[in-house]
There are 2 protein chains.
Amino acid sequence: MFASRPVVHPMEVAAAPANPAQQQQPQGVLMKDLPGMPGTPSGLALRVTQFLLAAVSLAVMSSTSDFASVTAFCYLIAAAILQCVWSLSVAIVDIYALLVKRCLRNRRLVAFFAIGDLIACGVIFSGACAAAGITVLIAQDLLMCSENHCSSFQTAVSMAFMCSFSLAPSFVLNFWSTAFAYRVVAAG
Amino acid sequence: MFASRPVVHPMEVAAAPANPAQQQQPQGVLMKDLPGMPGTPSGLALRVTQFLLAAVSLAVMSSTSDFASVTAFCYLIAAAILQCVWSLSVAIVDIYALLVKRCLRNRRLVAFFAIGDLIACGVIFSGACAAAGITVLIAQDLLMCSENHCSSFQTAVSMAFMCSFSLAPSFVLNFWSTAFAYRVVAAG
């Protein structure tokens, strides 16, 4: 046995395991509990924030009379509806998990949430960008704010952008946790 | 020593290590070589593809005479220039690494590439979405294609979208590898 490679300490490992929880739970199925992940209070707060921002964006944009004449504004409304449905669904799952004190850290579930977040984030971000392009065209390039609801458009666009930015932490945490989980599965 | 917990086999480990490379290299600094990562031929091909798509988008959009009157088109041009510079820089690093046969799998470098890819992808995707909103407005809502260069706008926008989609594999691979590397560091 090489003394320069202290890989093993059999008696110490057997006598006092470093992490008893790790010894009992199957690795890769349960992951470390990070704030903002599904099933945590901060994760629920993130979902409620996303839902509120998307709902405000939807309400403000649909309150304007002439949104239907511009495709990008209709797309933003559709994206905000999708975002509301997604955030509300995950929030309900979060509330259920918190009430029954059941963790949602299964790696398949986290991967599903990561993919859903990515799609929702891409859709609402693209809608916000397209609507922002039109809003800037009306307000700055054509100077037609007197004939249009520029302030409503700007409010709806900024809410949609904030919604997509609030989705980013959820996606990054879920994706990171998925990579962690698959690493654990691959390693052990 | 407990026979029911065969955690360690000191003599076997010392006599024949399972993975000699893992024994010699510090864990977390070098990672598994995935196709598409920096320093691999497929990674270089991805970068060249991104550069070409961004360059075509830039050339087509700047060839139209009236792009300067629309802010979103100017933003798309700026985003395409940024994308060209980023893809070309990483491609040069890839070529150097391939020529001197040096790996680029350091976790800090991969994290830097992941952040750079995320920013570049966000910028070119937002530019493409904004320009797409304007293009759809001109072509479908206002039916003014006879007075504008609709085909050029559509080509530039589609190239920018393809460029942002070709950035996604680079970002996902780098981000995934970073999560793997930090997991290894955290575990070991």
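Residues numbered from 1 in each chain as written. Chains lettered and ligands numbered in written order. Predicted model: local features only at pLDDT ≥ 70, side-chain atom pairs only at ≥ 80, totals over all residues. Heavy atoms only, no water.

**Digging into the overall build of chain A**
What counts, and what does not: Secondary structure follows DSSP: runs of H or I at least 4 residues long count as helices, runs of E at least 2 residues long count as strands, and numbering of each begins at the N terminus. Each residue is assigned to one of three classes by its accessible area relative to the maximum for its type, calculated with a 1.4 Å probe on protein chains only: buried under 20%, partly exposed between the two thresholds, exposed over 50%. Pairs of residues are marked as contacts when any of their non-hydrogen atoms sit within 4.5 Å.
For chain A, the count of helices and strands is 6 helices and 0 strands. Starting at the N terminus, the α and β elements of chain A follow one another as α-α-α-α-α-α. Taken over 188 residues, chain A has a buried fraction of 44%. Pairs at least 24 residues apart make up 79% of the contacts formed inside chain A by residues separated by at least 6 positions.

**Comments concerning helix α5 (residues 107-141) of chain A**
Selection rule: Multiplying 1.5 Å by the helix residue count minus one yields the expected span of that helix.
Helix length check: α5(A) (35 residues) gives 48 Å between terminal C-alpha atoms against 51 Å at 1.5 Å per residue, within 8%. Residue L143(A) follows α5(A) closely and has a positive phi angle near 50 degrees.

**Describing the nonpolar core**
Heads up, the rule is: We call a set of buried residues a nonpolar core when its members are Ala, Val, Leu, Ile, Met, Phe, Trp, Tyr or Cys and they connect through side-chain atoms within 4.5 Å of each other.
One finds M61(A), F73(A), I124(A), I134(A), M61(B), F73(B) and I134(B) to be the most contacted residues of the largest nonpolar core, which totals 63 residues. When contributions to this core are tallied by element, the ones reaching two or more residues are α3 (41-63), α4 (71-99), α5 and α6 (150-187) of chain A together with α3 (41-63), α4 (71-99), α5 (107-141) and α6 (150-187) of chain B. Counting residues per element, this core draws most heavily on α5(B), at 13 residues. If we ignore the near neighbours within four places in the chain, the residues touching F73(A) are M61(A), F67(A), A131(A), I134(A), T135(A) and F153(A).

**Points about the layout of surface pockets**
Which entries qualify depends on this criterion: A cavity, in this analysis, means grid points on a 1 Å lattice covering only the protein atoms where a 1.4 Å probe fits yet has no way out; a pocket is instead an open set bounded by protein on both sides within 12 Å along at least five of seven lines, and a residue lines either one if it has an atom within 4 Å of a point. Grid points are joined across faces, edges and corners, and a volume is the space filled by probe spheres set on the points. We call Asp, Glu, Lys and Arg charged. Ala, Val, Leu, Ile, Met, Phe, Trp, Tyr, Cys and Pro are nonpolar, and the rest, Gly among them, are polar.
If you add up the space inside the second largest pocket, you get close to 750 Å³. Lining the second largest pocket we find 22 residues, and of these L118(A), C121(A), G122(A), L118(B) and C121(B) sit closest to its centre. Contributions of two or more residues to the lining of the second largest pocket are made by α5 and α6 of chain A together with α5 and α6 of chain B. The residue makeup of the lining of the second largest pocket, split by class, is 17 nonpolar, 5 polar and no charged.

**Considering the state of the cysteines**
Residues and elements named next belong to chain B. Operational definition: Disulfide assignment relies on a single distance test, namely cysteine sulfur atoms paired within 2.5 Å.
Evaluation of the coordinates by the stated rule reveals 2 disulfides over all chains. Between the sulfur atoms of C145 and its disulfide partner C150 the distance amounts to 2.1 Å. Here C145 and C150 share a disulfide; its torsion about the S-S bond, -100 degrees, makes the bridge left-handed. Judged by its relative accessible area of 6%, C150 is buried.

**Comments concerning the pattern of salt bridges**
All names here are of chain A. The test is simple: Just to be clear on terms, a salt bridge is a Lys or Arg side-chain nitrogen sitting within 4 Å of an Asp or Glu carboxyl oxygen.
What the rule picks out here adds up to 2 salt bridges over all chains. One salt bridge in this structure joins D117 and R47, with 2.8 Å as the shortest N-O distance. With D117 in helix α5 and R47 in helix α3, this residue pair connects regions lying 70 residues apart in the sequence. The exposure class assigned to D117 is buried, which follows from its relative accessible area of 0%. For R47, a relative accessible area of 3% translates into the label buried.

**Considerations on the packing of aromatic side chains**
What counts is decided by this rule: Classification of ring pairs uses Phe, Tyr and Trp, with its six-membered ring standing for Trp, and accepts pairs whose centres are within 6.5 Å; under 30 degrees between planes counts as stacked, over 60 as edge-to-face, and the remaining range as tilted.
Counted by the stated rule, this structure contains 16 aromatic pairs over all chains. On the basis of an interplanar angle of 15 degrees and a centroid distance of 6.3 Å, the ring pair of F125(A) and F125(B) is categorised as stacked. A residue pair is termed interchain when its members come from two chains, as with F125(A) in helix α5 and F125(B) in helix α5. As far as the burial class goes, F125(A) and F125(B) line up, both buried. One aromatic cluster is present, formed by F125(A), F161(A), F165(A), F125(B), F161(B) and F165(B) through successive ring pairs.

**Description of the packing of α3(A) against α4(A)**
All names here are of chain A. Rules: Note on geometry: axes are C-alpha line fits, over the in-contact stretch for helices, and angles between N-to-C directions span 0 to 180 degrees. An angle below 35 degrees is treated as roughly parallel, one above 145 as roughly antiparallel, one from 65 to 115 as roughly perpendicular, and anything else as oblique. Note on convention: the crossing is left-handed when the near helix lies turned anticlockwise from the far helix by less than a right angle, right-handed when the turn is clockwise.
It is the contact of α3 with α4, at a shortest axis distance of 8 Å, that shows an interaxial angle of 155 degrees. The orientation of α3 with respect to α4, classified from their angle, is roughly antiparallel. Taken as a pair, α3 and α4 cross one another with a handedness that is left-handed. When its residues are assigned to classes, the contact of α3 with α4 shows 19 nonpolar, 6 polar and 2 charged.

**Some thoughts on the UniProt feature "transmembrane region" (unreviewed entry) in chain A**
All names here are of chain A. Put simply, the rule is: UniProt positions are given in the numbering used here, feature names are shortened, and annotations may be inferred rather than shown by experiment.
UniProt's feature table lists "transmembrane region" (unreviewed entry) at residues 70-97, 109-139 and 159-182, given in the numbering used throughout. The annotated region residues 109-139 carries 100% helix and 0% strand content, and the separation between its end C-alpha atoms amounts to 44 Å. For residues 159-182, helix accounts for 100% and strand for 0%, while the C-alpha atoms at its two ends are 35 Å apart.

**Re the environment of G116(A)**
Residues and elements named next belong to chain A. Looking at the secondary structure, you find G116 in helix α5. Given the relative accessible area of 14%, G116 is considered buried. Separated by 35 residues in sequence, G116 and I81 have C-alpha atoms that sit 14 Å apart.

**Details of a nonpolar patch on the surface**
Our working definition: To count toward a patch, a residue needs a relative accessible area over 30% and no salt bridge; like charges are then connected within 9 Å, while nonpolar side chains (Val, Leu, Ile, Met, Phe, Trp, Tyr) are connected within 5 Å. Here the open area of atoms and residues is found with the Shrake-Rupley method and a 1.4 Å probe, where only the protein chains shown may cover a residue.
Nonpolar side chains collect at one region of the surface, where I95(A), Y96(A), L99(A) and V100(A) lie side by side and expose about 420 Å² of accessible area between them. Relative to the helices and strands, V100(A) is located in the loop between α4 and α5.

**Considering the confidence of the model for chain A**
Residues and elements named next belong to chain A. Quick reminder of the rule: pLDDT measures how confident the predictor is about each residue, on a scale from 0 to 100.
Per-residue pLDDT for chain A has a mean of 82; in total, 79% of the residues score no lower than 70. Low pLDDT (under 50) marks residues 1-30, which in the prediction has 31 contacts with non-local residues, meaning those over four places away or in another chain. Interface confidence in the predicted complex, given as ipTM, is 0.76; pTM for the same model is 0.78.

**Thoughts on α3(B)**
Relative to the 33 Å expected for 23 residues at 1.5 Å per residue, α3(B) spans 33 Å between its end C-alpha atoms, a close match to the ideal helical length. Those residues of α3(B) that sit buried are G43(B), L44(B), L46(B), R47(B), Q50(B), L53(B), A54(B), S57(B), V60(B) and M61(B).

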